Amino acid sequence: PILWHTLRCFDDHDGVDRIVVAIHRDDEADFASATDGLRKVAPPVDGGSERADSVWNALSSLAPADPDDLVLVHDAVRPWLSAALIDAVITGTREHGAVIPVLPVTETIKQVDGGVVVGTPPRDRLFAAQTPQGFRRLVLERAYAARDTSRPATDEASLVEAAGTPVHVIEGEAQNVKITNPQDLPAS
């Protein structure tokens, strides 16, 4: 399963101590099968109705925080990341407290309202965010404490930004694709 490939990247990494995954309760048997043989995977936690809820459940399952603890948040459907990217996220998080990998946007982006283009933001300032996103644990916990639940958070970096903490960027990887649609999978 895709999940096994993704988790193996972290399970094999010396800089990762523990892996916590948020799942739907109906997926417990599949999760157990997909994680068989992986050493660092903790028992799963319940997923939430939104991504932010799932990450909060995983974060809350951890033992009390040490000031030096780092947390990486990764999409389960990004199985092609490299150990070098994990290294870079860990290094950047230690240095800055909050870091995300990004790639420059290559398409022209249009803002649309009611089926009409209302703006074209300058492409040189637009970047596509990837995961893993890295945070000092206390930074992420403070961001969740300040979370405005009326505004959806599509990633943890947006919560950290909203809490007033700068989020630094590092170069992402083109092969670190998020599998969202069937065409995101390589042809076999």
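Preceding block: the structure.
Since this is a predicted model, take the numbers as computed values, not measurements.

Asks: Describe a negative patch on the surface, and please don't skip the residues or the numbers.
Replies: Together, Asp26, Asp27, Glu28 and Asp30 give the surface a local cluster of negative charge. Tracing the chain through its elements places Glu28 in helix 2 (residues 28-34). A residue is classified by how much of its surface remains accessible, and Glu28, at 44% relative accessible area, is partly exposed.

Asks: How would you sum up helix 3 (residues 51-60)? Please name residues and give values.
Replies: Listing the buried residues of helix 3 in full gives Ala52, Ser54, Val55, Ala58 and Leu59. In a view along the axis of helix 3, the buried residues occupy a sector of 160°, so they form one face of it.

Asks: I'd like to hear about the nonpolar core, residue by residue, with values.
Replies: Inside soluble globular proteins, nonpolar side chains tend to come together where they are buried. Leu7, Phe10, Ile19 and Ile86 are the most contacted members of the largest nonpolar core, which totals 19 residues. Non-local contacts of Ile19, meaning those with residues more than four positions away in its chain, are made with Leu7, Phe10, Asp11, Lys40, Val41 and Ala42. With 17 residues, the next largest nonpolar core counts Ala52, Ala98, Ala143 and Ala157 among its residues.

Asks: Account for the environment of Leu3, with residues named and values stated.
Replies: Relative to the elements of secondary structure, Leu3 occurs in helix 1 (residues 2-11). Counting along the chain gives eleven residues from Leu3 to Asp14, while the straight-line C-alpha distance between them is 19 Å. Setting aside anything within four residues of it in sequence, one finds Leu3 in contact with Phe31, Ala34 and Ala76.

Asks: With reference to specific residues and values, describe a nonpolar patch on the surface.
Replies: Where nonpolar side chains cluster on the molecular surface, the patch consists of Ile2, Trp80 and Leu185 and spans about 240 Å² of accessible area. Position of Leu185 among the secondary structure elements: in the segment after strand 9 (168-171). Take Leu185: its relative accessible area is 42%, and that puts it in the partly exposed class.

Asks: Go over unusual backbone geometry, please, and point to the residues and values.
Replies: Looking along the chain, the bond that leaves Thr131 and enters Pro132 is cis, with omega of 15°. Note on placement: Pro132 falls in the loop between strand 7 (127-129) and strand 8 (133-136).

Asks: If you had to explain the pairing of strand 4 (residues 98-104) to someone new, which residues and values would you point to?
Replies: Of all seven residues making up strand 4, five are buried, and the element is well covered by its neighbours. Both strand 4 and strand 9 contribute to a ladder of four bridges, which runs parallel. Directly across from Val102, in strand 9, lies its bridge partner Glu171. Where strand 4 and strand 7 come together, three bridges link them in antiparallel fashion. Bridge pairing in strand 7 places Val102 opposite Ala129.

Conventions and cut-offs
Residues numbered from 1 in each chain as written. Predicted model: local features only at pLDDT ≥ 70, side-chain atom pairs only at ≥ 80, totals over all residues. Heavy atoms only, no water. Patch = residues over 30% accessible without salt bridge, like charges linked within 9 Å, V, L, I, M, F, W, Y side chains within 5 Å. Areas by Shrake-Rupley, 256 points an atom, 1.4 Å probe, with all protein chains shown as cover. Salt bridge = Lys/Arg side-chain N within 4 Å of Asp/Glu carboxyl O. Lys, Arg positive; Asp, Glu negative; His and termini not counted. Charge placed at Lys NZ, Arg CZ, Asp CG, Glu CD. Helix = DSSP H or I, 4+ residues; strand = E, 2+ residues; numbered from the N terminus. Buried < 20%, exposed > 50% of the residue type's maximum accessible area, 1.4 Å probe, protein only. Arc of directions from axis to C-beta. Core = buried A, V, L, I, M, F, W, Y, C linked by side-chain atoms within 4.5 Å. Contact = heavy atoms within 4.5 Å. Pairing = 2+ DSSP bridges.

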